[in-house]
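Spelled out from the first residue to the last, the chains are:
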Amino acid sequence: MSHRPPTSSRVPRWLRVFLPALLILLWLTGAAVGGPYFGKVSEVSSNDQTSYLPESADATAVQELLGEFNDADTIPAVVVFTSDTELSDERLEDIDEAVSQLPDVAGVQDDLSPVIPSDDGLAAQSFVPIGSDAELGDVVAEVSATLGADLPDDVEVFVTGPAGFSADLAAGFAGIDGLLLAVALAAVFLILIVVYRSLLLPIAVLSTSVFALTVALLTVWWLAKADVLLLSGQTQGILFILVIGAATDYSLLYVARYREALRVHEDKWTASMQGLRGSVEPILASGGTVIAGLLCLLLSDLKSNSTLGPVASIGIGFAMLSALTLLPAILYAFGRAAFWPRRPRFEPELVAAEGGVPTRGFWARIGRVVERRPRRIWIGTTLLLLVGALGLTQLDAEGVPQSELVLGASEARDGQAALGEHFPGGSGSPAYIVTDTDSLQESADVLLDNPGVDGVTVTTDEADAGSAPVDEDGVRAYGPPGTPVPEPTEVDGSIMLQATLSDPADSAAAQDTVRDLREAYANADADVLVGGVTATAVDTNEAAIHDRNLIIPIVLVVILLILMVLLRSVLAPILLVLTTVLSFGTAMGVAALVFNHVFDFPGADPAVPLYGFVFLVALGIDYNIFLMTRVREESLAHGTRPGVIRALAVTGGVITSAGVVLAATFAALSVIPILFLAQIAFIVAFGVLLDTFLVRALLVPALVHDIGPAVWWPSKLAKASR
């Protein structure tokens, strides 16, 4: 009988040195090249909502025509001036003089509007065009500072409108490259210190995450530069968190397998290979499941959703690659010293005596509890989750006003409120109506008949006229009676009307007005497009709701099929998906109650449930994959019921650590003062902890133990006796 030599003796010594060194060098090179791109993301990203709408949306078509009608590529800022006392002619002259100096500010265009006083005399407004290629946040801040310095103290200045709110968003996302990354990495590092009680090992794991993120960002940056992908601050933040969290989770799994192998193999190369063999399947299955779920977002109509799929998938791909190449190479280089001061000992006799699993410790005790009362545990945890899911009835995910997207103080929000007190709420953010020349009068009449429309103008060719007012008598002359009607601007046979809405552009009432106008034009069988800020919000919400209803069922089916292939079973994957969906429902139910009654949020974007579902189901399935692949491995040797208890004892610590790390990284999103990210941070962090400590620790093991071998139906393993 021939003796097969150990793996280490069949691999040349030079290769065991060269291969890890090469892997480390390649990742170091990638990190060195990609590192500077952290400060360059703004060059290839955009937070303009219109650019993420479906191409078929009316608001998209109008936005594309807007520059041709206005002959300028600008973003309007609405400057509001208020006072506690009536603004005198002298004060209005001071305001007009201050506004006339604004073109001296870099980025402000010359075609300023005149200063318009309010009917109550307590406010005035002016429209200031800002070049779309300017640094919007800097320009808006300088405009506000310049006007504030030039005007008396009794006149308060607000910069609002599309430019003001866009500047708010830019400022909110400004902390992604610095603050978000620092908080996420610091949280992960502290958790790893507690988990490993070591210094070198956390650094190795964190390096794996950072290098994966750096190379992923480098790849995404160039794809965005080539217009292959769309990148926004929101997508960038999620990419950072996903890569750090996922790479750390996969690293934790490999470290656990490597530590186990070091106890039974004295040679570190052999231990590395065994650690990889035990990690490859669950890591690839876990990452593949997340990628499959994310790529389902490509079916989305909303580009902000569809572009997240490939961007985040690239990040997950590099997270898997770094955990399976860079980390093994680093740990091989250090050997047992990587775990100092708690180095794993070479003790194969003790491992054999323990049966390969810990017999003491917290998770061993949990296993014994599950073994004694499986049915009580899974029924009790299911009922508890169902109670939490009742909060779903309180979820308000129909959209939020643009003025509420940024948390904390907002000059643009305050300016919008001041504007609504003294002027029509939609001032500065009109609805744009594109019609043909033959339907101009009919289109104007529809606008004038709608109570939600305060005024209508038609864009003209007259450079000094700008636009001509329209009243109930039709398209009226611009100027005193008898003045000839200026020729409307015509683009390919189309004319643009501007409607000032009575309500704030981001309000629900304004959105209802836009829907009413579209319905009226549809009933009149008129080929009319309605766009603008309000229409963009309407089209965005409708696309988000469509995406949510389409993608959630598809993600479930895709993940179910992947689990069936992985576990060679039908029943077990169905049960795992059902438990994960129940966990998601509880997370959303609790989140709805917290959002409404603790944080007092104004609602949620329709995409919040979709993002929460994709992340929680895909990532929640991760932990079930980690557990159930080990359960299947143990079941093949020891039977299903003993296999469950053994797998829980072995994986409990690493999966719990992974869950805490992922929850901490997603919680870090809350440092960015954007409502959407704050809500995603809570939902995913809470949901992951719920899945880690309740679903994966109690519900799934108890359910599988209670069902027994039948859980593997229809595979041969289902016919086992235990």
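Draft legend 1. The arrangement of helix α10 (residues 268-295) in detail. The first and last C-alpha atoms of α10 sit 38 Å apart over 28 residues, in line with the 40 Å expected at 1.5 Å per residue. At Ser279, α10 is deflected by roughly 35°, the largest bend along its length, and proline Pro282 occurs up to four residues later in sequence.

Draft legend 2. Seen up close, the packing of aromatic side chains. A complete count under the given rule lists 19 aromatic pairs for this structure. Ring geometry for Tyr254 against Tyr258: centres 5.7 Å apart, planes inclined by 10°, an arrangement best described as stacked. Note that Tyr254 and Tyr258 are positioned in helix α9 (residues 233-264) at a spacing of four residues, about one turn of the helix. Summarising the burial analysis for this pair, Tyr254 and Tyr258 share the class buried. Aromatic side chains Phe584 and Phe613 sit 5.1 Å apart centroid to centroid with 85° between the ring planes, which places their arrangement in the edge-to-face category. Linking Phe584 in helix α21 (residues 571-597) with Phe613 in helix α22 (residues 607-638), this pair joins segments that are 29 residues apart in sequence. For the pair shown, Phe584 and Phe613 are each scored as buried. The rings of Phe595, Phe599, Phe601, Phe682 and Phe686 are connected pair by pair, giving a single aromatic cluster. Above the ring of Tyr37, the side-chain terminus of Lys40 is found at 4.4 Å from the ring centroid. The ring of Tyr332 carries Lys268 above its face, with NZ or CZ at 4.8 Å from the centroid.

Draft legend 3. Seen up close, the pattern of salt bridges. All chains considered together, the criterion is met by 13 salt bridges. In this structure, Glu281 and Arg568 form a salt bridge, with 3.6 Å as the shortest nitrogen-oxygen distance. Here Glu281, found in helix α10, pairs with Arg568, found in the loop between α20 (533-567) and α21; they are 287 residues apart in sequence, far enough to count as distant. Overall, the relative accessible area of 38% leaves Glu281 in the partly exposed class. For Arg568, a relative accessible area of 43% gives the class partly exposed. A salt bridge links Glu634 to Arg646, with the nearest nitrogen and oxygen atoms 2.8 Å apart. Placement of the pair is Glu634 in helix α22 and Arg646 in helix α23 (residues 640-667), with a sequence separation of 12 residues. Look at Glu634 and you get buried, because its relative accessible area is 7%. Arg646 sits in the buried class, given a relative accessible area of 17%. Where salt bridges share partners, they join Glu260, Arg630, Glu634 and Arg646 into one cluster.

Conventions we followed
Residues numbered from 1 in each chain as written. Predicted model: local features only at pLDDT ≥ 70, side-chain atom pairs only at ≥ 80, totals over all residues. Heavy atoms only, no water. Helix = DSSP H or I, 4+ residues; strand = E, 2+ residues; numbered from the N terminus. Expected span 1.5 Å × (residues − 1). Bend = angle between axes of the 7 residues up to and from the residue. Phe/Tyr/Trp six-rings, centres within 6.5 Å; stacked < 30°, edge-to-face > 60°. Buried < 20%, exposed > 50% of the residue type's maximum accessible area, 1.4 Å probe, protein only. Lys NZ or Arg CZ within 6 Å of the ring centre and 35° of its normal. Salt bridge = Lys/Arg side-chain N within 4 Å of Asp/Glu carboxyl O.

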